Amino acid sequence: MSDLATRVSDTQAILARIAAEFTPAVFASSLAAEDMVLTDLILRAKLPIGIFSLETGRLPKETLAVLDAVKETYGVDIALFRPDPAAVDRYVTQNGLNAFYDSVEMRKECCRIRKVEPLGHALAGKKAWITGQRRAQSSTRAELAVQEDDPAHGMAKFNPLADWSEAEVWEYIRANNVPYNALHDRGYPSIGCEPCTRAIQPGEDVRAGRWWWENADSKECGLHVVDGKLIRIKSVAA
Ligand code: SF4
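Our subject in this report is the structure included herewith. (Residues numbered from 1 in each chain as written. Predicted model: local features only at pLDDT ≥ 70, side-chain atom pairs only at ≥ 80, totals over all residues.)

1. A few points about the site of the ligand
Here is the rule we go by: Using a C-beta atom placed from the backbone, a residue is described as near a molecule or strand when that atom lies within 6 Å of it. Here the term charged refers only to Asp, Glu, Lys and Arg, the term nonpolar to Ala, Val, Leu, Ile, Met, Phe, Trp, Tyr, Cys and Pro, and the term polar to all other amino acids, Gly among them.
Around the ligand sit 13 residues in total, of which C110, C111, R114, C193 and C196 are the nearest. Counted by class, the shell around the ligand contains seven nonpolar, two polar and four charged residues.

2. Describing the pairing of strand β1 (residues 25-28)
Quick reminder of the rule: Neighbour density around each residue's C-beta defines its exposure: 20 or more other C-beta atoms within 10 Å make it buried, 12 or fewer make it exposed, and counts between make it partly exposed, where C-beta atoms are placed from the backbone. We count a stretch as a helix when DSSP gives it H or I for four or more residues in a row; a strand needs E for two or more, and each element gets its number in order from the N terminus. A pair of strands is considered paired only if DSSP assigns at least 2 bridges between the two. By convention a crossover is right-handed if, when the strands point away from the viewer, the path from the first strand over the helix to the second runs clockwise.
Of the two faces of β1, the one carrying A25 and F27 and the one carrying V26 and A28 are both buried. As judged from the four bridges shared by β1 and strand β2 (residues 49-54), these two strands associate in the parallel manner. Bridge assignment links A25 to a residue of β2, and that residue is I49. This β-α-β element, β1 to helix α2 (residues 33-44) to β2, shows right-handed connectivity. Examined bridge by bridge, β1 and strand β4 (residues 128-130) share three bridges and lie parallel to one another. If you follow A25 over to β4, its bridge partner there is A128.

3. A word on the sheet that holds strand β5 (residues 147-150)
What counts, and what does not: The angle between two axes is taken between their N-to-C directions and runs from 0 to 180 degrees, where each axis is a line fitted to C-alpha atoms and a helix contributes only its stretch in contact. Each residue is represented by a C-beta atom placed from its backbone, and any two residues with such atoms within 7 Å are regarded as in contact.
Read from one edge of the open sheet, six strands run β3-β2-β1-β4-β6-β5, paired in mixed fashion. Across the chains shown, the open sheet's two edge strands, defined by having one partner strand only, are β3 (79-81) and β5. Strand after strand, the sheet turns through a mean of 30° between neighbouring axes, direction not considered. Where α2 meets the sheet, its contacts fall on β1, β2 and β4, and the angle it forms with β2 comes to roughly 150°.

4. Considerations on unusual backbone geometry
The omega torsion across T23 and P24 is 0°, close enough to zero to call that bond cis. Structurally, P24 can be placed in the loop between α1 (3-21) and β1. The backbone of L31 sits at a positive phi, close to 70°, despite the residue not being glycine. The topology assignment puts L31 in the loop between β1 and α2. L31 gets classed as buried once you count the C-beta atoms within 10 Å, which come to 25.

5. Quick look at the environment of R90
For R90, the position within the fold is in helix α4 (residues 85-95). Owing to 12 C-beta atoms within 10 Å, R90 belongs among the exposed residues under this scheme. Between the alpha carbons of R90 and E55 there is a distance of 18 Å; along the sequence they are 35 residues apart.

6. Some words on helix α3 (residues 61-74)
Here is the rule: To estimate the expected span of a helix, count its residues, drop one, and scale the result by 1.5 Å. As used here, the arc is the angular range of directions from the helix axis to the C-beta atoms.
A rise of 1.5 Å per residue sets the reference length of α3, with its 14 residues, at 20 Å; its end C-alpha atoms lie 20 Å apart and thus fit the reference within 8%. Within α3, burial applies to T63, V66 and V70. All buried residues of α3 lie within an arc of 40° about the axis, which places them on one face of the element. For α3, the exposed residues lying more than 90 degrees away from the buried face are K61, D68 and E72. Of the surrounding elements, those touching the buried residues of α3 are α2. Immediately beyond the C-terminal end of α3, within one or two residues, lies G75, with a positive phi of roughly 70°.

Interpretation in functional terms is not warranted from these geometric data alone.
Have a look at this one:
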């Protein structure tokens, strides 16, 4: 069996186990390349795992186009969770539309309103959630386990692609004609909100285009942190 076939088979087994043992479970898709691999695996296998995305109100049009591509390819609507409009209004009125450039604190507050709070709503009542994070994506993800305890949300958290390389992600996408975000072909290996993401140069770290004005250790959106600090999530046997 090729390396990719082994990865796929292992990932299918993890997803099937989540569906069998952690219902209701949900997959938080950022609509990035990794997330499209998981979307494809979940939908092809018709697993009872809901798929949602956080529509922050600042996503690039290319990311929003992926929602239509998923609908066209699989006939499935990805559920969207949006921020509280009153909280967004308050932040913008008090600080300005793009105050996240001013400090890490202001950036984290914007992420809290537009991502962390909606994530809490999306995860309410679930037994587990799934992400497309990979260990090789950044220094903040170097210790990422396939299965973790997520004390912040009181449930299990799975990163089925933790061991996958970027090359394997793209090999899977191309081999299976999986739809993907057009920005990936324009120098964006990692894609978030439009004002907080830019293209990178060859050889740069894959997350160098995310919050590029901050230092590498603060580059997480808060979905995987508590009180502004990275959670040292306890790994458990997969
Ligand atoms: S990525 Fe940028 S625009 Fe999006 S929620 Fe975070 S700070 Fe706000």
